[in-house]
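So the chains spell out like this:
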Amino acid sequence: MDVYSSILFFVSISMMSRCDAENICSPNPNDSATIPSSCSSESPQSFVKRYAKCSLSPECGEGPYFVEEDLIRENIIEDREGIPLSLQFNMIDYRTCEPIPNAKFYLWQPDYAGIYSGFMDKPPIRRERMIPRDPRRFLRGTQISDSNGTVNFETLFPGHYRGRTPHIHFRIHLDDNVAHIGQVFFDEKIISQINSIPPYNQVKSRRMKNEEDGEFSYFNGEKSIIDLKPISATASMEQGFTGIMNVVIDPFHQSRLMWA
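So, here's what we can say about the structure. Not measured: the values here are computed from a predicted model.

**Structural notes on the overall build of the protein chain**
Moving on, step 1. Each helix and strand counted, the protein chain has four helices and eight strands in total.
Moving on, step 2. Ordered by position from N to C terminus, the α and β elements of the protein chain give α-α-β-β-β-β-β-β-α-α-β-β.
Moving on, step 3. The buried share among the 260 residues of the protein chain stands at 51%.
Moving on, step 4. Within the protein chain, counting contacts between residues at least 6 apart in sequence, those at least 24 apart form 74% of the total.
Moving on, step 5. Summing over all exposed atoms, the protein chain offers an accessible surface of approximately 12900 Å²; the carbon and sulfur share of this is 51%.

**Concerning the nonpolar core**
Moving on, step 1. The biggest cluster of nonpolar side chains holds 38 residues, and the ones touching the most others in it are Phe89, Phe105, Phe157, Phe186 and Leu228.
Moving on, step 2. Breaking this core down by element, the ones donating at least two residues are strand S1 (84-93), strand S2 (104-108), strand S4 (150-156), strand S5 (168-174), strand S6 (177-184), helix H3 (188-194) and strand S8 (241-249).
Moving on, step 3. Formed by ten residues, the second largest nonpolar core is a distinct cluster that contains Val67, Tyr106, Tyr116 and Trp259.

**Section: the sheet that holds strand S3 (residues 140-144)**
Note on sheets: strands pair through backbone hydrogen bonds, and any given pair is parallel or antiparallel.
Moving on, step 1. Reading across from one edge, S3-S2-S5-S6 is the order of the four strands in this open sheet, with antiparallel pairing throughout. Looking along the sheet, the strands with just one partner apiece sit at the ends: S3 and S6. Taken pair by pair, the neighbouring strands of this sheet meet at an average axis angle of 20°, ignoring direction.

**A few points about the pattern of salt bridges**
Moving on, step 1. In the structure shown here, the tally under the stated rule is 18 salt bridges.
Moving on, step 2. Glu78 serves as the salt-bridge partner of Arg136, at 3.5 Å between the closest nitrogen and oxygen. Pair noted here: Arg136 is in the loop between S2 and S3 and Glu78 is in the loop between helix H2 (44-51) and S1, with a separation of 58 residues, a long-range link.
Moving on, step 3. Arg136 sits in the partly exposed class, given a relative accessible area of 26%.
Moving on, step 4. Here Glu215 and Arg164 are joined by a salt bridge, their closest N and O atoms 3.7 Å apart. Remark: Arg164 occurs in the loop between S4 and S5 and Glu215 occurs in helix H4 (residues 214-218); sequence separation between them is 51 residues. This pair shows no difference in class: Glu215 is buried, exactly as Arg164 is.

**Some details on unusual backbone geometry**
Moving on, step 1. Cis rather than trans, the peptide bond between Pro198 and Pro199 has omega equal to -5°.
Moving on, step 2. Checked against the element boundaries, Pro199 lands in the loop between H3 and H4.
Moving on, step 3. The phi dihedral of Lys122 is positive, around 50°, even though this residue is not glycine.
Moving on, step 4. Residue position: Lys122 is located in the loop between S2 and S3.

**Topic: the pairing of S2**
Moving on, step 1. Within S2, four of the five residues are buried, which leaves the element mostly enclosed by the surrounding structure.
Moving on, step 2. Where S2 and S3 come together, five bridges link them in antiparallel fashion. In the sheet register, Phe105 faces S3, and the bridge partner there is Gln143.
Moving on, step 3. Relative to S5, S2 is paired through five bridges, and the arrangement is antiparallel. Its bridge partner being in S5, Lys104 is matched across the sheet by His173.

**Quick notes on the environment of Ile181**
Moving on, step 1. Inspection of the secondary structure puts Ile181 in strand S6.
Moving on, step 2. Here Ile181 falls in the buried class, since its relative accessible area comes to 0%.
Moving on, step 3. In sequence terms Ile181 and Met258 are 77 residues apart; their C-alpha atoms lie 7.8 Å from each other.
Moving on, step 4. Residues within four places of Ile181 in sequence aside, it is in contact with Glu59, Cys60, Gly61, Glu62, Phe170, Arg171, Ser255, Leu257 and Met258.

**Considering the packing of aromatic side chains**
Moving on, step 1. The final tally for this structure, using the stated rule, is 14 aromatic pairs.
Moving on, step 2. An angle of 50° between the planes, with centres 4.5 Å apart, marks the rings of Phe157 and Phe186 as tilted. A residue pair is termed long-range when its members are at least 10 positions apart, and Phe157 in the loop between S4 and S5 and Phe186 in the loop between S6 and H3 qualify at 29 residues.
Moving on, step 3. Its relative accessible area of 1% is what places Phe157 among the buried residues.
Moving on, step 4. Through successive ring pairs, a cluster of aromatic residues spans Tyr65, Tyr116, Phe119 and Tyr161.
Moving on, step 5. One cation-aromatic arrangement involves Arg80 over Phe138; the distance from NZ or CZ to the ring centre is 4.0 Å.

The rules behind these values
- Residues numbered from 1 in each chain as written.
- Predicted model: local features only at pLDDT ≥ 70, side-chain atom pairs only at ≥ 80, totals over all residues.
- Heavy atoms only, no water.
- Helix = DSSP H or I, 4+ residues; strand = E, 2+ residues; numbered from the N terminus.
- Buried < 20%, exposed > 50% of the residue type's maximum accessible area, 1.4 Å probe, protein only.
- Contact = heavy atoms within 4.5 Å.
- Areas by Shrake-Rupley, 256 points an atom, 1.4 Å probe, with all protein chains shown as cover.
- Core = buried A, V, L, I, M, F, W, Y, C linked by side-chain atoms within 4.5 Å.
- Pairing = 2+ DSSP bridges.
- Axes fitted to C-alpha atoms, helices over the stretch in contact; angles between N-to-C directions.
- Salt bridge = Lys/Arg side-chain N within 4 Å of Asp/Glu carboxyl O.
- Phe/Tyr/Trp six-rings, centres within 6.5 Å; stacked < 30°, edge-to-face > 60°.
- Lys NZ or Arg CZ within 6 Å of the ring centre and 35° of its normal.

Take a look at the structure:
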């Protein structure tokens, strides 16, 4: 296990213990176990009905390439090539199952070749805040959630790079609090299909599968796979996909998964 993987493993153990403690208040509807009295004054039946679909979304490591700049925009493609993605994120309060308005949602990702803007020369990864080395900001953007807790982005399907499966990063701020850090993953079948067409098939490095990716495994990435649909019933893959992800968070949680 290299240094980067060791760091991820240590952070994941800390997160797992926290999630185990919190998820006792978000029971499985098929679980007959007694709900702790500290969770709610409601009857067990009404509590389970109310929270069955509001279990916490898993967090995932921030990674070294976050840039805290408020690029308020929906379309983040700029001059990059790739398969179009229209993504919608709905932020939900795990305590009430209600939408979270006025949340600041940062999104960033690599292009088809696995390159992040600001770090186009692929500098060595260090366990400290990485300072952008170039002025480019493609595939980065920020949105403020509306009254439905929703933000939308026009982006591209991400490429892969050494050691990672295709993924998209996001980070949610509520006032000055970083309440959630996560990653979006994709179904293996769709990844394979997209990697067979240009420009993705121009990348010659081996693609890491989801189950081989350390962060996907450590942070329960299976629950962060977004369901993609073609933009229309007759659309080709090259024309793009739409996807919706509900992100259920604790607004009072203070994420510990910042890179540095």
